[in-house]
Amino acid sequence: MTTLVIGGAGYIGSHVVRLLSDRGERVIVVDDLSTGLRARVEGSDLVELVELDVTRPDAAEKLAFQLRASGADAVIHFAAHKQVGQSVAKPELYWHDNIGGLANVLAACANAEVRDVVFSSSAAVYGVPDVDLVTEDLTPAPINPYGATKYVGEWMLADAERAHGMRTVALRYFNVAGAGHPELADTAVMNLVPIVLDALDRGEQPRVFGDDYDTPDGTCIRDYVHAEDLAEAHVAALDYLRGEDRPHRVFNVGTGTGSSVLEVLDAIARATGTEITPEIAPRRPGDPARLVCSTDRIEETLGWRATHDLDEIVTSAVQARRLA
Ligand code: UDP
């Protein structure tokens, strides 16, 4: 079996590439290396890197060629911009690249008669839901262009199923952190765990965006999922697409357990042996007080559940940073 992984040199994509090659499957990584790193996908005979920007006008044709030449039977599509703030400032970039890139990918799959597609969606599709646990049945209501492009991406998959007989899964990631292997770690400093580690390395104290939310300690609650667990969810989704029965096409990926910003800081203090006295900053616009995943659907349908807790997530991130 051969899988084409678009954005496979990225943080999450490379975890999936490693899992697939570890189980003996061939992988064609397509990546423009704009944020992906070649080093993350080197070292296995089963993995080949093709440098290609999937947003270019000729990308659908080039991708179709790669799919036919490799005999790939499935595609996992990660490549996209993923910064909420940037999406608000430059919405055209998100519509052009996230939506245009996916359109090229789906056109290539239709052309090369590749049926199975797994797509990186996001909990950002839900916006600011006022519920304890977010189920997939909740009507998405994204509040920024990033979340909107992910939701539209899910519609595009549904359209491709109807038009071309494809079979697709969209995985709505909650808060991803940690590293399954130090060399695959998140090198961007865009999310809470890397931001805090980066601040501590510079001898600064982290900032907490708001401590007056309606939560037990006043700080926002999120569902942190280990990158290795998330990668396993993609493999489970591929196996599901290759099987017969297929009741759902959208799944949340998280742990079902919420952690507050202060709890994350405590875990980082334990893992680093540092005392942390955060600065309390104003709320960040658009932050829901609580965003925690219902895992029922993915557990029941894909037989997947997370196995790593917050301490393991944070410890793996700290170790990866020390070895970097
Ligand atoms: N956060 C924070 N300080 C920071 C970065 C993030 O307090 O320096 C909070 C943020 O307000 C949110 C949580 O940490 O409540 C997770 O933020 P992140 O940007 O990692 O992910 P998001 O949930 O926004 O996708």
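For the structure given in this document, a descriptive report is provided here.

Definitions and limits used
- Residues take numbers from 1 onward in each chain, read along the sequence in its written order.
- Under the rules for a predicted model, residues below a pLDDT of 70 receive no local features and side-chain atom pairs below 80 are neither given nor counted, while totals for whole chains, interfaces and linings still include all residues.
- Derived side-chain values reflect all non-hydrogen atoms in the structure, with water molecules and hydrogen atoms excluded from consideration.
- Near is defined per residue: the residue qualifies when any heavy atom it owns lies within 4 Å of the molecule or strand.
- N or O atoms closer than or at 3.5 Å make up a polar contact, with two conditions inside protein: a donor-capable atom paired with an acceptor-capable one, and, for residues adjacent in sequence, both atoms drawn from side chains.
- Put simply, DSSP H or I for four residues or longer makes a helix, DSSP E for two residues or longer makes a strand, and each gets a number counted from the N terminus.
- If DSSP finds at least two bridges between two strands, the strands pair.
- For every element, the axis is a line fit to its C-alpha atoms; helices are fit only across the contacting stretch, and the angle between N-to-C directions ranges from 0 to 180 degrees.
- In this description, contact between two residues means that some pair of their heavy atoms is separated by no more than 4.5 Å.
- Pairs were defined over the aromatic rings of Phe, Tyr and Trp, the Trp ring being its six-membered one, requiring ring centres within 6.5 Å. Orientation was assigned from the angle between planes: stacked under 30 degrees, edge-to-face over 60, tilted for the rest.
- Burial classes follow relative accessibility: with a 1.4 Å probe on protein chains only, a residue under 20% of its type's maximum area counts as buried, one over 50% as exposed, and anything between as partly exposed.
- By this rule, a helix spans an expected 1.5 Å times one less than how many residues it contains.
- Grid spacing is 1 Å over the protein atoms alone, the probe is 1.4 Å, and a cavity is where that probe fits but cannot get out, while a pocket is an open set with protein on both sides within 12 Å along at least five of seven lines and lining residues have an atom within 4 Å of a point.
- Grid points are joined across faces, edges and corners, and a volume is the space filled by probe spheres set on the points.
- Residues are grouped as follows: Ala, Val, Leu, Ile, Met, Phe, Trp, Tyr, Cys and Pro are nonpolar; Asp, Glu, Lys and Arg are charged; all remaining types, including Gly, are polar.

**Regarding the site of the ligand**
For step 1, the next point in the chain: Around the ligand, 13 residues are found, and the nearest of them are Leu 192, Arg 207, Arg 222, Arg 284 and Asp 287.
For step 2, the next point in the chain: Between Arg 284 and the ligand, the recorded distance is 2.6 Å, taken from a side-chain N or O atom to an oxygen atom.
For step 3, the next point in the chain: Asp 287 places a side-chain nitrogen or oxygen 2.5 Å from an oxygen atom of the ligand.
For step 4, the next point in the chain: Of all elements in the fold, only α6 (192–201) and β8 (207–209) reach the threshold of two or more residues within the shell around the ligand.
For step 5, the next point in the chain: Counting residues per element, the shell around the ligand draws most heavily on β8, at three residues.

**Points about the sheet that holds strand β6 (residues 167–173)**
For step 1, the next point in the chain: Read across the open sheet, the seven strands follow the order β3-β2-β1-β4-β5-β6-β11; overall the sheet is parallel. Taken across any chain shown, the strands that pair with only one partner, and hence form the sheet edges, are β3 (47–51) and β11 (250–253). The sheet shows a mean angle of 20° between the axes of neighbouring strands, direction not considered.
For step 2, the next point in the chain: Where strand β4 (residues 74–77) meets strand β5 (residues 116–122), four bridges bridge the pair, whose relative direction is parallel. Note that in β5 the partner of His 77 across the bridge is Phe 119.
For step 3, the next point in the chain: Contacts from helix α5 (residues 145–164) reach β5, β6 and β11 within the one sheet, and its direction differs from that of β5 by about 160°.

**Comments concerning the packing of aromatic side chains**
For step 1, the next point in the chain: This structure, assessed with the given rule, holds three aromatic pairs.
For step 2, the next point in the chain: Relative to Phe 174, the ring of Tyr 126 lies with its centre 6.4 Å away and its plane at 40°, an arrangement referred to as tilted. Taken as a pair, Tyr 126 in the loop between β5 and α5 and Phe 174 in the loop between β6 and β7 (175–177) lie far apart in primary sequence, 48 residues in all.
For step 3, the next point in the chain: What makes Tyr 126 buried here is its relative accessible area of 3%.

**Topic: helix α4 (residues 91–112)**
Along an α-helix, a turn takes 3.6 residues, which lines up residues three or four apart on a common side.
For step 1, the next point in the chain: Taking 1.5 Å per residue, 22 residues should reach 32 Å; α4 reaches 31 Å between its end C-alpha atoms and fits that length.
For step 2, the next point in the chain: Turning to α4, its buried residues number three or more, namely Tyr 94, Asp 97, Asn 98, Ile 99, Gly 101, Leu 102, Asn 104, Val 105, Leu 106, Ala 108, Cys 109 and Ala 112.
For step 3, the next point in the chain: On its buried face, α4 is in contact with β1 (2–6), α2 (59–70), β4, α3 (84–89), β5 and α5.
For step 4, the next point in the chain: Looking at the residues trailing α4, positive phi occurs at Glu 113, about 60°.

**Some points on empty space enclosed by the protein**
For step 1, the next point in the chain: According to the stated counting rule, one finds one cavity of 30 Å³ or more in the structure shown.
For step 2, the next point in the chain: Volume-wise, the largest cavity comes out at about 70 Å³.
For step 3, the next point in the chain: Around the largest cavity, the lining residues are His 77, Phe 78, Ala 79, Ala 80, Asn 98, Ile 99, Leu 102, Phe 119, Thr 149, Lys 150 and Gly 153.
For step 4, the next point in the chain: Those elements giving two or more residues to the lining of the largest cavity turn out to be α4 and α5.
For step 5, the next point in the chain: Here the residues of the lining of the largest cavity sort into six nonpolar, four polar and one charged.

**Side note on unusual backbone geometry**
For step 1, the next point in the chain: A positive phi is found at Leu 33, a non-glycine position, where the angle reads about 60°.
For step 2, the next point in the chain: In this fold, Leu 33 is placed in the loop between β2 (26–31) and β3.
For step 3, the next point in the chain: Non-glycine residue Glu 113 carries a positive phi angle of around 60°.
For step 4, the next point in the chain: Along the chain, Glu 113 falls in the loop between α4 and β5.

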